[in-house]
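Structural characterization, general
This is what each chain is made of:
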Protein chains: 4
Amino acid sequence: MNNRFGTLYTLTSFGESHGKALGGVIDGMPAGVAIDESALQRFVARRRPGQSAVSTARNEADEVELLSGIYQGKTLGTSIGFIVRNTDHRSDDYDEMARCYRPSHADYTYEAKYGLRDPRGGGRASARETVARMVAGGLAMQLLNSLGVKIVAYTSQVGTVTLDEEYHALDLSLVDSNIVRCPDEHAAQQMIEAIATARQQGDTLGGVVTCVAQGVPAGLGEPVAGKLHAMLGAAMLSINAAKSFDMGCGRKFAAMRGSQANDTFVWRDGAVQTTTNHSGGIQGGISNGEDIWFEVAFKPVATLMRDITTIDRDGNTVTLKAKGRHDPCVVPRAVPIVEAMTAMTLLDHYLMNRIAVW
Amino acid sequence: MNNRFGTLYTLTSFGESHGKALGGVIDGMPAGVAIDESALQRFVARRRPGQSAVSTARNEADEVELLSGIYQGKTLGTSIGFIVRNTDHRSDDYDEMARCYRPSHADYTYEAKYGLRDPRGGGRASARETVARMVAGGLAMQLLNSLGVKIVAYTSQVGTVTLDEEYHALDLSLVDSNIVRCPDEHAAQQMIEAIATARQQGDTLGGVVTCVAQGVPAGLGEPVAGKLHAMLGAAMLSINAAKSFDMGCGRKFAAMRGSQANDTFVWRDGAVQTTTNHSGGIQGGISNGEDIWFEVAFKPVATLMRDITTIDRDGNTVTLKAKGRHDPCVVPRAVPIVEAMTAMTLLDHYLMNRIAVW
Amino acid sequence: MNNRFGTLYTLTSFGESHGKALGGVIDGMPAGVAIDESALQRFVARRRPGQSAVSTARNEADEVELLSGIYQGKTLGTSIGFIVRNTDHRSDDYDEMARCYRPSHADYTYEAKYGLRDPRGGGRASARETVARMVAGGLAMQLLNSLGVKIVAYTSQVGTVTLDEEYHALDLSLVDSNIVRCPDEHAAQQMIEAIATARQQGDTLGGVVTCVAQGVPAGLGEPVAGKLHAMLGAAMLSINAAKSFDMGCGRKFAAMRGSQANDTFVWRDGAVQTTTNHSGGIQGGISNGEDIWFEVAFKPVATLMRDITTIDRDGNTVTLKAKGRHDPCVVPRAVPIVEAMTAMTLLDHYLMNRIAVW
Amino acid sequence: MNNRFGTLYTLTSFGESHGKALGGVIDGMPAGVAIDESALQRFVARRRPGQSAVSTARNEADEVELLSGIYQGKTLGTSIGFIVRNTDHRSDDYDEMARCYRPSHADYTYEAKYGLRDPRGGGRASARETVARMVAGGLAMQLLNSLGVKIVAYTSQVGTVTLDEEYHALDLSLVDSNIVRCPDEHAAQQMIEAIATARQQGDTLGGVVTCVAQGVPAGLGEPVAGKLHAMLGAAMLSINAAKSFDMGCGRKFAAMRGSQANDTFVWRDGAVQTTTNHSGGIQGGISNGEDIWFEVAFKPVATLMRDITTIDRDGNTVTLKAKGRHDPCVVPRAVPIVEAMTAMTLLDHYLMNRIAVW
C-alpha cells in the first residue's frame, strides 16, 4: 500500500523502473481548469534523464500520455489517468545485481520486506518513479500559476560548493540557464566542475535544493497533524535520496534566541505582514502570506562508478563491477521534482482550505 | 479537518488549551495487548507542565482518563477513547491578546484561516494539544517495548550548547536524570544555565532533540509516499515549534561523497548488517535493521517575558505586556513528545508491514 | 480500526455499552457555524432508552458533554470532542452471558475476531454506540437546516403492519406525535398494539424506516466509489440491526420496465425537474434536486424475553434465561438514528461538492 | 475525488467511456501472490459488451494491459497499474445528446455538479467504468480462491421472471451455461424471452443478482463504520443501476418475529455453526463462518430504443431519437461485476483482519 500522495488532490502512482510503463491516477483535480498539455510535457522533461553532462546517459523521452479526465482542454472533475512508457531499459545491466545488495540502496530492504523484488534498475525504488509526480505536480502548477502562485526551486549546494546568497538576493529566472540549476552563474560553474571531478573519480556528490513559493495567501494549512510544513516535509522526504528538511531558518533556529527568531508583525500595504521571515511563511502550521521557503538536502548517489565490495543474499562477500547508467549528482534533476511536490502539496491545502469555513 | 495522525494506528485528537478537556480516540490498536495504566500515566507525566525550573509554572495534573477499549487489563481491539481535563487555566491572562497577533504565534494565521479563534492560551494551537499524543504514543510504546523495541530521545542542543558525542557514546539510561533531559551531565549543566540566563533576560532558547529507536527489524516502511523517514519527518514536524528534521546524517550528507556516505553491507552474527549507519537505519524508505536515529530542531519559544510590539487585527501598533506562563525552552518537554510520535509512527508501520506479504 | 465515519465530515467514535463513557471526535466541521447546544441535547434525547412503553427500561440521561471546538456559540473549525457518560449499567445482568453466544448477536463473531470481548451489554456491538452518531448527526443537521435542508424519517412498517401511503401523502410534522414515530395515527396504533402483543409473548418485531431529505440541491455525490446512494446505503447498513437499503423505488425497480421506471425531465419554475421521482432524487450517484428518499429495513431484536437454547464457547448446549432490558422493537428509536446518519452523509457531500469545481 | 474503492486493498480507477483508455492502480495487493494473467483476462471478458444476444452490440476486446507490480508471475507488493484501451467508440452517435438530458441518466446531474461533461457515451458515468473493477476484483479473486473462498453470483430475477429456489437448491456451476447467467435452465429461458420481448418493444428490463461467498472464515468485518455488510452494500450500490441491497433475508426481516429470524447456534463438526442462515453469514458486522449471501436489484436500463421526450440545457422540450448501442437488460453482465466487487471487499477485510489482533 501507500503509493498515494495527498489528501484531497491525490496521486496514486505505479511502475517499476524497467517495467512496461510508469503512471498514475490523479484524483481530486477540480472541474473546469484549463490544461496546456504541451506545457505539461515541457515541465516533465525538466526531470528527464539524459538531458545534460551532469545526468545519467539513460535516454528516455518521458512522453506523457494523458488518458482521461480532460476534455476539450479543460478538466472534467473526474480522475486523470496517465502513463509514461519505458523505452531505453537495458535490463541485462542488472543481472548480476539480482542476488546482491548494493550499499545504501533499497535492494536489501525491499527483499527483507517483500521476500522478492524486481532487480531491474531498482524496480519501484528507482527515482524513475518520480516521473509520475512531475505529471501530478505539473498539472497542479498550472492551476496554482493561474492563481498567482509562483514556485521556484534551485540548487543551493553541491558537495562543498554552497550558494551564500538567500533567495531574495537571487534572480530566480536564471535557474534553468545552466545545467546544475543554480541561479548564480559563478557558483553554478563551481558546481559543474565539482560534479565533473567527482564523476572522473567514479564518485558522487550530494547537495541542497532551496524552494520558494510566492503568492500563497494566508490561511493554508491545518492545525495539528496536517501542518503545512509537516506536509511539505513529508513530501520532500519522500523524494529519493532526500535526507533532511529545513523550514525557513530550520535547524539554525536551534541556536537563536526568541528575540532574534521572532518575525515581527506590521501593517503594510493594507495587509498584515512581517518584517523578517525566519519562519518561512508558516506559523502554527498555517501560511501567513509571506514567501514560503525551505531547504531539502540530498545524499550523494549511492551507485558509484567504481568496484564495490558488498554481500549477496547468502552472506557471501562479492565485488560489484560498476554498470548501469547513473547520475553523479541527483540535485539538478531533483530541482523540478521539489517544485512538483510543492505544487501538489499546496494545491492539496488550497482545497482543504476551501472547506475550513462555512 | 486533519486532527488525525496515522494510517492504521490512528489518533484523532481534540481540545483547546483552555477548554474543558483535551483528548482523543485511538483507532487501530490490536486486541489482546496488555496495558499498564499507571505506567502510561507516568509516561504522560514526563510532558506535564510545571515539572521543573526549566518549564512553565502552569500546573496541570494531566491525569488521563481512559474511557473504552481496554477491559481487564487488555485491549479489546475496539477504539480507545480518553480525556485529560484542564484544571489550571487562567483565561483572563489572555484577554488582552484576543485582538492582537503575537509575533511568530499562530494567532494571526488561525484568524486568517477560520475567521475566528479561541484566544485563551492559544486555543488548539497550544502545545498543550500534545498531551493526546503522549497517550497514543505511550500505549504504542508499551506494545513496542514488548516486541523488544526501545525508543529513547534526548536533548542534544540548547541554544549554543551542543552535545558533541553521538548517541552510541552516551549512556541513554541517564536521560531523565536531569531536568533538561541530556544524558551528559556536564552538557546538561551548561544547558540549564543557558536556560536560566535566557529566562532572566526575558528571552527564550531553541534546541535539538536526538532520537534513537533500537530493535526495529528490517522491513518497516513503504516504498513511495509512505517512506518511513518521510512519515517520521511529518510526525516530528507536526510537533509545535519543530522546524527541521535530519534523518541519520541528514543535511551533513550534502557535503559528503558517495564513497564516504555509503553504508557497507556485511554478514555478521548471522544477519545482514552495515559497518556504518549514516543512513540512520532506513534505506529506500524501509528500515534495514540498524538503529533508527534522527534529529529534530525546535525554534525558541515565541512568547518572551518582556514587552513586545506588534499589531492588532485593525492594524494598530500595540505593545503587549508579557503575561501567561510559558517555558523558556520547550526542548526538555519535547523529548518525550518526540518519543511518543516515534512510537506511534513505528507501530503504524509494524501494522502496515503485517499485510505487505501474503 | 474503522470506528470512523465519513470522508470530510468525520466522526471517530468510541465506547462500550457498559464502559465509563461513549463519545467521539468530529473532525471537519467548518468554522463559523452557529450551534444550539440545547437543541442538540433534545435531538440526542430522541434516541434515548427508557423514553416510552415500546422501548427498553434501561434509563440513561444521555447527557452530551461537548468538550472542544465550539466557542461562544460558534464552531472554531477545530475538532469537536464529546462524551456521554454511562450511568445505569447493571453489569451483573450479563455475567452468565460472558461464556455464551446469544443467537444472532455479535457475541460469537467478536470473540472469533478478537479472541476476547467485553460481554457487558454487548460491549462495542451494542446499539448504545449510536449515541455518538446522534451527536455528529445532530450538529450536521443544524448546519443543514440553516441551508434549507429538511430531513425527516419515520416508521413505515412494524412487523406485518405497513403504512401504505407514500411520504408525500403524509403529514411529516406528526412523526413524533406517537411513540412508534409513524405519522399516520391509525397505523401507529396498530403498530403499538403489535409491539405490545409481541412483548407479551416474549417475542420481538422488525420493521422499516423511510427517510426523506428535502431541499438538497442538484450536484451532491461523487461519480464512482462515492455515489451518494452508495454512501447513504453504507451509513444506513452500519446501524445496528439494519438489513436492507432501498434507494427510491429500490427493489421494486427489478420488476419495472424502463418506460415505467424513467423519471422524465421537465422545465418547471425556472429549474430542471422530473415528473416522477422513482430514482429517489439521485441519478448516476449525484443528487438531481428532487426529494431524496429511501427505505431501511431492520430485523427483529435478537434478544427475546424467553428462555433460549444456544451454546457456550466450549460447544456445550446451554439455556439462557432472559435477562437484561431490551427493546421489543428497535424501529421507533432507529428513526432519529436514520436521520442522524443521513445528515452526516449529506454534510459530507456538501463539503466534497465545494471542491468539485474550481 | 473519490474514484477510489477500498481501505487496504484499493482500486483507484480512471477513464471515460469514449476516451483513450480506462484503467486504474491497485494498491495494497500483498507480495508473493501467484497471478495467472490469462485467467484474469477470461474473468474480465465475462463483463465484456457484445458477448451475446442480450447485451449491447458495442464490441470491445477489453484487453487488459498489466503495467507493473507483477514480476515473473508473482506480485511484488508494489502497486499494480493497468489500462484497457477503448477501440469501438462511435462518438458521433452522441453528438445530439451533448445538449440534452436523457431521462434517468447522469447527464443532468454531472452537468449540475461540474459545469461541464464529456457527453460521449456517458463519459465517466458509463458502466464501461466497471471494467477496472473487473481487473481489481479478478486479481483479488485469484488470491481468495487460493484460500478456499468461492464467490458465485447469478441472475435471480429479470423483470417479472423470478427464480424461486434459494441458492443452496441450485447448481451454481451452471451460471455461465446460458446468456442470462441463471443457473436454472427453465427460468433462464423465460428470462431470455422476456428480454427479447422488451427489446422488440424498444423497452428495457431490470432484475436481481444474488451472490454467495463460501469458505469465508469467521471474523471478517469491523465493528462500527466498517461492518462487513455495510461495505458490501456500498460496493454493490456503487455499481451502475444498482438500487437496493438485501443482506441475507434483508427486507423480509421486517415482517419476521425474533423467534423466527434468529439463527440458532450449534456445535457441529468441531465448530460453531448455525442451524439457519437468515443473517446471511454476518452478525454484528462480522462474518460468522456461514455462507455469506445477499441480493442486489438493478433498475431497467434508462436508454430505450424508442423516441424519448426530454429537455435540453436551455429548458426546451426535445425529442431524442434512439441511437447508440445499449443493453436491453444489464443484469447478466452485472453478475461478474457483483462477483468482482465482492472479491475486492472480502480481500480488503481479510487484510484488515490480519491486524485486528496482536
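Residues numbered from 1 in each chain as written. Chains lettered and ligands numbered in written order. Predicted model: local features only at pLDDT ≥ 70, side-chain atom pairs only at ≥ 80, totals over all residues. Heavy atoms only, no water.

**Here's the deal with the interface of chain A and chain B**
With 100 residues of chain A at the interface, the matching set in chain B holds 99 residues. Surface buried jointly by chain A and chain B totals about 7900 Å² across both partners, of which 59% is contributed by carbon and sulfur atoms. Taken as a group, Lys-113, Lys-243 and Arg-251 of chain A account for 10% of the area that chain A buries against chain B, more than any other trio of residues on that side. Along the contact surface separating chain A from chain B lie 8 salt bridges. Here Lys-113 of chain A ties to Glu-222 of chain B by a salt bridge, and the two come within 3.6 Å at their closest N and O atoms. (Contact = heavy atoms within 4.5 Å. Buried area = accessible area lost by both parts, 1.4 Å probe. Salt bridge = Lys/Arg side-chain N within 4 Å of Asp/Glu carboxyl O.)

**A short note on the sheet that holds strand S4 (residues 64-66) of chain C**
All names here are of chain C. Taken in spatial order, the 5 strands make up an open sheet running S1-S2-S3-S7-S4, and their pairing is antiparallel. A strand with exactly one partner marks an edge of an open sheet, and here the two such strands are strand S1 (4-5) and S4. In this structure, S4 lies alongside strand S7 (residues 80-85), joined through 3 bridges in antiparallel fashion. The residue of S7 that forms the bridge with Val-64 is Val-84. (Pairing = 2+ DSSP bridges. Helix = DSSP H or I, 4+ residues; strand = E, 2+ residues; numbered from the N terminus.)

**What about the relation of the copies chain A and chain B?**
Related by rotation about an axis and a shift along that axis, the two copies of the chain form a pair. Mapping chain A onto chain B leaves a residual RMSD of 0.0 Å; the transformation is a rotation of 180 degrees accompanied by 0.0 Å of translation along its axis. Those values place the two copies in the arrangement expected of a two-fold rotation axis. Most of the interface of chain A is mirrored in chain B, where 99% of its interface residues are also at the interface. (Least-squares fit on C-alpha atoms with pLDDT ≥ 70 in both.)

**Thoughts on the pairing of strand S17 (residues 292-298) of chain C**
Within a regular strand, the side chains alternate between the two sheet faces. All names here are of chain C. Most of S17 sits out of view: 7 of its 7 residues are buried. Where strand S12 (residues 242-247) and S17 come together, 5 bridges link them in antiparallel fashion. In the sheet register, Ser-244 faces S17, and the bridge partner there is Ala-297. (Buried < 20%, exposed > 50% of the residue type's maximum accessible area, 1.4 Å probe, protein only.)

**Remarks on the interface of chain A and chain D**
Counting from both sides, the interface comprises 40 residues of chain A and, opposite them, 40 residues of chain D. Across the chain A/chain D interface, buried area totals approximately 3300 Å², and carbon plus sulfur atoms make up 60% of it. Scanning the region where chain A abuts chain D turns up 2 salt bridges. Glu-65 of chain D is the partner of Arg-85 of chain A in a salt bridge, and the nearest nitrogen-oxygen pair spans 2.9 Å. Looking at the side of chain A that touches chain D, the elements with two or more residues in it are strand S2 (10-14), strand S3 (21-27), strand S4 (64-66), strand S6 (74-75) and strand S7 (80-85) of chain A. When the residues that make up the side of chain A that touches chain D are grouped by side-chain class, the tally is 14 nonpolar, 15 polar and 11 charged. (Nonpolar A, V, L, I, M, F, W, Y, C, P; charged D, E, K, R; others polar.)

**Focus: the relation of the copies chain A and chain D**
Rotating chain A by 180 degrees and translating it 0.0 Å along the rotation axis places it on chain D, where the RMSD comes to 0.0 Å. Interface overlap between copies: 100% of the residues of chain A at the interface are likewise at the interface in chain D, consistent with a symmetric, same-surface contact.

**What to know about helix H1 (residues 37-45) of chain D**
All names here are of chain D. Among all positions of H1, only Leu-40, Phe-43 and Val-44 are buried. Burial along H1 is one-sided: seen end-on, the buried residues are contained in an arc of 95 degrees. Residues of H1 that are buried make contact with strand S4 (64-66), helix H3 (130-146) and helix H7 (331-354). (Arc of directions from axis to C-beta.)

**What about the sheet that holds strand S12 (residues 242-247) of chain B?**
On the basis of which strands lie adjacent, the open sheet formed by 10 strands has the order S10(A)-S9(A)-S11(A)-S17(A)-S12(A)-S12(B)-S17(B)-S11(B)-S9(B)-S10(B) and antiparallel pairing. Each having just a single partner strand, strand S10 (161-162) of chain A together with strand S10 (161-162) of chain B make up the two edges of the open sheet. Examined bridge by bridge, strand S9 (residues 150-158) of chain A and S10 of chain A share 2 bridges and lie antiparallel to one another. What sits directly across from Val-158 of chain A, in S10 of chain A, is Val-161 of chain A. Against the sheet, helix H7 (residues 331-354) of chain B contacts strand S9 (150-158), strand S11 (207-214) and strand S17 (292-298) of chain B, and its axis sits at roughly 145 degrees relative to S9 of chain B. (Axes fitted to C-alpha atoms, helices over the stretch in contact; angles between N-to-C directions.)

**Thoughts on the layout of surface pockets**
The computed volume of the largest pocket comes to approximately 570 Å³. Along the walls of the largest pocket sit 25 residues, with Glu-166, Tyr-167, Lys-252, Trp-293 and Glu-295 of chain B positioned nearest its centre. The set of elements that each furnish at least two residues to the lining of the largest pocket consists of S9 and S17 of chain B. Looking at which element gives the most residues to the lining of the largest pocket, the answer is S9 of chain B, with 3 residues. Taken together, the residues that form the lining of the largest pocket break down as 5 nonpolar, 10 polar and 10 charged. Estimates place the volume of the second largest pocket at around 460 Å³. The wall of the second largest pocket is formed by 20 residues, among which Leu-163, Lys-252, Trp-293 and Glu-295 of chain A together with Arg-251 of chain B lie closest to the centre. (1 Å grid on protein atoms, 1.4 Å probe; cavity = no way out; pocket = protein on both sides within 12 Å on 5 of 7 lines; lining within 4 Å. Points joined across faces, edges and corners; volume = space filled by probe spheres on them.)

**Some words on the side chain of Thr-210 of chain B**
Residues and elements named next belong to chain B. On the secondary structure map, Thr-210 appears in strand S11. A relative accessible area of 2% places Thr-210 in the buried class. In terms of polar contacts, Thr-210 uses its side chain to reach the side chain of Ser-156, at 2.8 Å. In this view, Thr-210 contacts Val-152, Ala-153, Tyr-154, Ser-156, Phe-294 and Glu-295; residues no more than four positions away in its chain are not counted. (Polar contact = N/O pair within 3.5 Å; in protein donor to acceptor, adjacent residues only side chain to side chain.)

**Topic: the environment of Gly-219 of chain B**
In this structure, Gly-219 of chain B sits in the loop between S11 and helix H5 (228-237). Not counting chain neighbours up to four residues away, the residues in contact with Gly-219 of chain B comprise Ala-112 and Lys-113 of chain A together with Ile-286, Ser-287 and Asn-353 of chain B.

**Details of the packing of H5 of chain B against H7 of chain B**
All names here are of chain B. Where H5 meets H7, the closest approach of the two axes is 9 Å, and the angle between their N-to-C directions is 145 degrees. Crossing handedness for the pair H5 and H7: right-handed. Where H5 abuts H7, its residues Leu-228, Met-231, Leu-232, Ala-235 and Met-236 lie against Val-338, Met-341, Thr-342, Thr-345, Leu-346 and His-349. For the contact of H5 with H7, the per-class residue count stands at 8 nonpolar, 3 polar and no charged. (Left-handed = near helix turned anticlockwise from the far one by under 90°.)

Keep in mind that these numbers describe shape and distance, not what the molecule does.
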